[in-house]
Every structure is written in structure tokens, then in C-alpha cells.
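Observations on the model geometry
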Amino acid sequence: MEKVIAGKTIAVNEEGYLTDFKQWDKAIADELAAEAEISLSPRHWEVLNYLQTEFKNEVPLSIRKIGKSGVVDIKEFYQLFPKAPLKTATKIAGIPKPASCI
Amino acid sequence: MKHLVILGAGTAGTMMANHLSHELKKADWKISIIDEKEEHHYQPGYLFLPFDIYTPDDIIKSIEEFIPKHASLVKGKIDKVEPKENKVKMADGSELNYDILIVATGAKIAPEETEGMKGSEWHKSVFDFYTFEGSLALRNKLRNWEGGKLVVHITEMPIKCPVAPLEFAFLADSFFRHKHMRDKVEITYVTPLSGAFTKPKATEALEHLLEEKHIKIESDFAIEHVDNEKKEIVDYGGRAIPFDILVTVPTNKGDEVMERSGMGDDLNYVPANKATLQSKEYANVFVLGDASNIPASKAGSVAHFEAEILTENILRYIKGEPLKEEFDGHANCFIETGNGKALLIDFNYTHEPVEGSFPFPGIGPLKLLKESRMNHLGKLAFRWIYWNVLLKGTHIPFVSATMSEAGKKYN
């Protein structure tokens, strides 16, 4: 699927997650954040950068890991990205929705 | 004489001892299996005990009964493993040197990870059903309960048998219906996932069943604490869900022995190759069942399939041959849905559960991802199979260790 975000045509999946991280840029993040009714502050950006680094290092993401990352605690993570923070934050960061193992 | 040591005489360790006692030459290999417990529990039975479907006698036997003669059972507490020295240190100061080590120490609940969970209401109105004690306490509570809010809750993934909490909710619906008090009980299913399950097609089928049974679902709930006074669970976003009875699946962790040995990850699971089951750090260490960090379900069926492949890999390792990268994450789980029916799901790392027939393509007799009485009978028969076939390491006819795509409806 494709979607026009911040004036660019971007490849996304059915849930709106970018399928090619190379297409991501900050303007896209701002627009995806606006869709989730979030306006990105420097604190948001610290978390997003951390998530992208972990993704590049192929580290599986979980709420627990983020809580222990030293970057943000879970309480603040929820304040920054309300309701379902991991899903929202990964979408804005342009990385895949974390697969919870079963 | 060489020495193969198995840590843990649960489902995985016991199966492995049985497999290897057939395969390894007695003159060359000694097999030891270590466990501190006396009893072997049929853990799937913990689901049925609260509803008086099984009695404690149905689910408890002695560990010794299932250990093959050729293996020696070492009863005692493990202090730690020193993998660089190829040595297991026991709490009583004795030591076992090994040539090959199999880690099968399992996973268990860690309610202390969540604030207030193991508080004043623990086993009074806050219960687990992943231990015998929790399951029994819950049975006694449900026998006389007059109704109210029943909350079935998962703390975080991964957990053992990820379908068990759903089954609990379905069986509770059926239980209260039979007691003619379903109208007095409000059942809510609370999960950290975004839906009833982790895989899309199964989620759809299971959410439909939840709706049909009037079980409310609260998703994306990451618990912060249990409030014992107000009797509610609260998530990090401040969402609060009140309960009269909370049936929770606490955080699951690997055994502390792995933490003491410096062999576990942040949840004490041991990193292993997901296709060969060899430890990522030590070539002569293999990890079986719930103890490992591989992205497969933590379930007896998985340990069973793994054991068949691991047996072959251990023989290859001994001969100095390359290991087979064969384990595909195959899991096969019955899901009790109440009223004498069940679903069956069969899946692996790459293929989600779908509809179809099992084990014979196009014939069955079991139906995949569809409720049927036959599936329920399959689940009940499974207890007999567990004690008499599975633990002994006997191959289950027609069910292969790797998943078959035949007879399944993939798009």
C-alpha cells in the first residue's frame, strides 16, 4: 500500500506502518504524530531516536526493555505517547510494529 | 565415560532423558538429570483444577516414575552452572562435571515484578493459576463465590501457554452458566496485546468467541500496579479496572539458576539458536523448552517437537557433524472454549494458525481454528498421552516435529 505523508508517497502496510525505513524523515514523523494528536517535543525525539537505534541493531522492542533503557521510564513513555505507547511511537519512528512473541 | 547432564526434570528434561537413554551407548555415556522437586505436575491441569474438572490426583505424579533406569536422578538444589568450567555446582557443595549440558529449567511466575500483586489480597481475591497452590486456592474461592466482577489478566508477554488465560475466561463462562449464575458474573479479559491473541486469523476467531460469550475485552493494558484496597488494577496510562476476583498471569521468568550462572537474558531466559537449540555462547550447552529465549510458544507441545530434533542434534554434536537447523517453531495447542468444545491451532515461526484439518489433510478428525467436541475430547485424551506417551519420548504417530502445511487454508 502507499500513502501520501508530508507531500511524499510512502510505502506503508495495512496498519499504516512504514515498510521501508529509508523513506522516513522528520517531516513524516511530525505528520504521523499529528495523526495521533501528539506534537513532538525534544523529549519525544530522544525516545524516537532510541527506538530507531535499537531497530537498526535488531534488538526486539518491548515495554519492559524501554522501561529499563535509562532513556525513559514507562510512566513517562505513556505520558509522551498515550494509550498504546509502543505501537504509536514505533509508527512515528518509521519502524515496524514490535511483534510480541507467543 | 562421558557425562551428559540435564538440568530440570519437568516436561522437557524428562522427555530428553528418555530419548537419550535409548540413543546413547551405556558403556560410553552416563546421563544425570537434576531436580530439587519430588513431584511432576501435569501443568495443563492447572487450568481445569479451579473448575473442579480435575482433582489434584489427576495432575500430580512422582518425578521418579518417569526417569528411565539408565539415567540417574540427582535430587537437590542447583547453586549455579559454571559453563566455562563445564561444571554444575550444587547447593550442598557437591559438583558435577559434564561433557554436554541440557538446560531445561523452565519458566515460572514472578508476581513480585508487579507492585502490589503479591500483596494482602494474594490468593484471597488475587489469584494465579500457573502454580498448583494458586490454582487450588482459586478452586476453593470459586466453589462458594456468589458473583461479581471476574477479571482475567495477562501482565506481559511472553508467558507459558499463551492461550491459557483465554481458555480460563471461556471455561469460567461455561462454569457459571452451569451453576445458573452467569448473570451475576461480569467477565473481563485484560491483555497487554492489541487483541485477543498475537496472530491475526486466530485473534479474529477468538474475539468472535469472546463476544459470543459476553466476555468484555480490554486491550493494550500495561499494568503498573494492583491496588489491594480499592481492588483494581491500574495501567501506566492511569486506566483502572475494578475486580472482585482477579485471575492474573504474572510476569513469567526463567529460573534464577540461570541468573546466578550469568547465562540468562533480562528475564533469565537462555539465548539459543532457534533452529538448532544450541546455546549461543557455549557449544556443548543446549536449551530445551520454556527455559530458552527462542521466539516459539512456551508450551509442552513445543518442547516435545524440540526434543525430537534436539536428540538428533546431540548425536550429531557427539559425532562432530554439523547440527541440523530444523526446528521451525512448531506448536500445537488445544484451546478449551467451554461447553465441552475446543479449538485446535497448529503453527510455527512463519505460518500463523489457520483453518483446516489435522493431522490428516482434508480428513481430520480434528478441526483447526474451529470449535468442535472432537477437539475437546482430544484435549482430555491428551492427559493420558502426556503421562503415557509424551514423557517417555515416544513419537506421536502422524504428528511430525516440523509443521505440515497440508490440509491448511492459507491464502
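This write-up is about the structure you can find in this document. All of these numbers come straight from a predicted model, not from anything done at the bench. (Residues numbered from 1 in each chain as written. Chains lettered and ligands numbered in written order. Predicted model: local features only at pLDDT ≥ 70, side-chain atom pairs only at ≥ 80, totals over all residues. Heavy atoms only, no water.)

1. Things to note about the overall build of chain A
When its secondary structure is counted, chain A shows five helices and two strands. Moving toward the C terminus, one meets the helices and strands of chain A in the order β-β-α-α-α-α-α. At 13 Å, chain A has a C-alpha radius of gyration in line with the 13 Å of a compact globule built from 102 residues. Considered along the principal axes of its C-alpha atoms, chain A spans approximately 35 × 30 × 20 Å. Here chain A, with 102 residues, has 41% of them falling under the buried criterion. Restricting the contact set of chain A to residue pairs at least 6 apart, pairs at least 24 apart contribute 46%. Put simply, chain A shows about 5,400 Å² of open surface, and 52% of that area lies on carbon and sulfur atoms. Averaging the locations of the 14 positively and 14 negatively charged side chains of chain A gives two centres separated by 6 Å. (Helix = DSSP H or I, 4+ residues; strand = E, 2+ residues; numbered from the N terminus. Rg over C-alpha atoms; globule rule 2.2 N^0.38 Å. Buried < 20%, exposed > 50% of the residue type's maximum accessible area, 1.4 Å probe, protein only. Contact = heavy atoms within 4.5 Å. Areas by Shrake-Rupley, 256 points an atom, 1.4 Å probe, with all protein chains shown as cover. Lys, Arg positive; Asp, Glu negative; His and termini not counted. Charge placed at Lys NZ, Arg CZ, Asp CG, Glu CD.)

2. Topic: the nonpolar core
Core analysis: the biggest nonpolar cluster contains 133 residues, and B:Leu4, B:Leu7, B:Val88, B:Val103, B:Leu150, B:Leu206 and B:Ile233 have the highest contact counts within it. Ranked by residue count, the leading element in this core is helix α4 (residues 164-178) of chain B, at nine residues. Apart from residues no more than four positions distant in its own chain, B:Leu4 is found in contact with B:Leu20, B:Leu24, B:Trp29, B:Lys30, B:Ile31, B:Ser32, B:Ile100, B:Ile102 and B:Ile314. Ranked by size, the runner-up nonpolar core spans 27 residues in total, among them A:Val12, A:Val47, A:Leu80 and A:Ile95. (Core = buried A, V, L, I, M, F, W, Y, C linked by side-chain atoms within 4.5 Å.)

3. Considering the packing of aromatic side chains
All names here are of chain B. Applying the stated criterion across every chain, the model contains 19 aromatic pairs over all chains. Ring centres 4.8 Å apart and planes at 55 degrees place the aromatic pair Phe-48 and Tyr-54 in the tilted group. Aromatic pair Phe-51 and Phe-168: ring centres 4.9 Å apart, planes at 45 degrees, arrangement tilted. Taken together, the residues Phe-51 in the loop between β3 (39-41) and α2 (56-59) and Phe-168 in helix α4 connect sequence positions 117 residues apart. One exposure class covers both Phe-51 and Phe-168, and it is buried. Three or more aromatic residues joined by ring pairs make a cluster, and in this case those are Phe-51, Phe-129, Tyr-130, Trp-145, Phe-168, Phe-175 and Phe-176. Over the ring of Trp-387 we find Lys-61; its NZ or CZ atom is 5.2 Å from the centre of that ring. Just above the ring of Tyr-269 sits the side chain of Lys-298; from NZ or CZ to the centre is 3.9 Å. (Phe/Tyr/Trp six-rings, centres within 6.5 Å; stacked < 30°, edge-to-face > 60°. Lys NZ or Arg CZ within 6 Å of the ring centre and 35° of its normal.)

4. Brief notes about the interface of chain A and chain B
For interface size, the figure often reported is the accessible area lost on association. In this assembly, 12 residues from chain A lie in contact with 24 residues from chain B. One salt bridge in this structure joins B:Glu113 and A:Arg64, with 3.0 Å as the shortest N-O distance. Where chain A meets chain B, there are five residue pairs in polar contact (both at pLDDT 80 or more). Among the elements of the structure, α3 (63-67) and α4 (74-80) of chain A are those that each provide at least two residues to the side of chain A that touches chain B. Per-element accounting of the side of chain A that touches chain B gives the leading share, three residues, to α4(A). Counted by class, the side of chain A that touches chain B contains five nonpolar, one polar and six charged residues. (Salt bridge = Lys/Arg side-chain N within 4 Å of Asp/Glu carboxyl O. Polar contact = N/O pair within 3.5 Å; in protein donor to acceptor, adjacent residues only side chain to side chain. Nonpolar A, V, L, I, M, F, W, Y, C, P; charged D, E, K, R; others polar.)

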